[in-house]
Amino acid sequence: MKPELIIIGAGLGAESMTLEGLNALKTAEVVLFDRLVHEDTLKLIPESAVKESVGKHPYSRNCIRQDDINSVINKYLTEGRRVVRLKGGDSTLFARSLEEAEEAARCGASCRIIPGVTSASTLASKITRALTDRRSVSGCVFITGHLKDGKCEHNWKALAELGMTIVIYMGVRNGRHIADELIKNGMRPETSAVVGSRLESVDEKICVTTLACLGDVLETGEYPHPSTIIIGNPVG
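Attention in this report is confined to the structure presented alongside it.

How each quantity is defined
- Residues numbered from 1 in each chain as written.
- Predicted model: local features only at pLDDT ≥ 70, side-chain atom pairs only at ≥ 80, totals over all residues.
- Heavy atoms only, no water.
- Pairing = 2+ DSSP bridges.
- Helix = DSSP H or I, 4+ residues; strand = E, 2+ residues; numbered from the N terminus.
- Axes fitted to C-alpha atoms, helices over the stretch in contact; angles between N-to-C directions.
- 1 Å grid on protein atoms, 1.4 Å probe; cavity = no way out; pocket = protein on both sides within 12 Å on 5 of 7 lines; lining within 4 Å.
- Points joined across faces, edges and corners; volume = space filled by probe spheres on them.
- Salt bridge = Lys/Arg side-chain N within 4 Å of Asp/Glu carboxyl O.
- Buried < 20%, exposed > 50% of the residue type's maximum accessible area, 1.4 Å probe, protein only.

Points about the sheet that holds strand 4 (residues 82-87)
The strands that make up a sheet are held in pairs by hydrogen bonds between backbone atoms, and each pair lies either parallel or antiparallel. If you trace the 5 strands from one edge of the open sheet to the other, you get 3-2-4-1-5, paired in parallel fashion. The open sheet has two edge strands with one neighbour each: strand 3 (50-53) and strand 5 (110-114). On average, adjacent strands in this sheet sit at an angle of 15° to one another, irrespective of strand direction. Where strand 1 (residues 4-9) lies against strand 5, 5 bridges are found, and the strand directions are parallel.

What follows is the structure, given as structure tokens:
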């Protein structure tokens, strides 16, 4: 059997994984899982499969590096295994799936990516809101709040003038900077904002606020990683 890498987005909740993802998981010989995969989802891993945690811990000195994860993927694929890479949320958004797919290609293995429910959709639904509204907001933009070098620099003027919902992943540390830049570039301070921390866990916490107050909310320390931030009036 040719080695295969299957990258699955498991969503955040215990029942968030798609049927396609669940069926693929059942075929796994090796499962490399993230820290954010729900504990009940982990119970669905076949007993016969090798299970290994490769979860990252943001800002930790001991955080596993992507190169290390790629090496583990390489090891099992070169053994001819079917490897499932199980990720929290959606496997196509800020999930480094392309880097892992490229590693599979280097091994001569096939690769599939199965999407999941992203945290922004989960957060919006929890407050009975949406990311778009055909009457007023025609689109949604996803950005990272933490670039590879730790900085957070985007075209703030373009983002502020788009008139679209802005979703920010990994934005807790730079949240005040993000809010200040958007306001400085013309976004109204009273624009709605919502923060969702540790969604679908016992420590879940959600705050609906405004862009002007977003920095203060994040700096209370009550909304730790992982958190998702949505800015825009559809979530107000």
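Let's pick the thread back up.
Quick notes on the layout of surface pockets
The computed volume of the second largest pocket comes to approximately 190 Å³. Taken together, 14 residues line the second largest pocket, and the ones lying closest to its centre are G163, M164, M187, T191 and N233.

Some thoughts on the pattern of salt bridges
Applying the stated rule across the entire model yields 19 salt bridges. A salt bridge links K87 to E100; its shortest N-O distance comes to 3.2 Å. One end of the pair, K87, is in strand 4; the other, E100, is in helix 4 (residues 97-106), and 13 residues separate them in sequence. Grouping residues by exposure puts K87 and E100 together as buried. The residue E204 makes a salt bridge to K126 at a minimum N-O spacing of 3.2 Å. Placement of the pair is E204 in the loop between strand 8 (192-197) and strand 9 (205-210) and K126 in helix 5 (residues 119-126), with a sequence separation of 78 residues. Linked through salt bridges whose partners overlap, the residues forming this network are D34, R85, K87 and E100.

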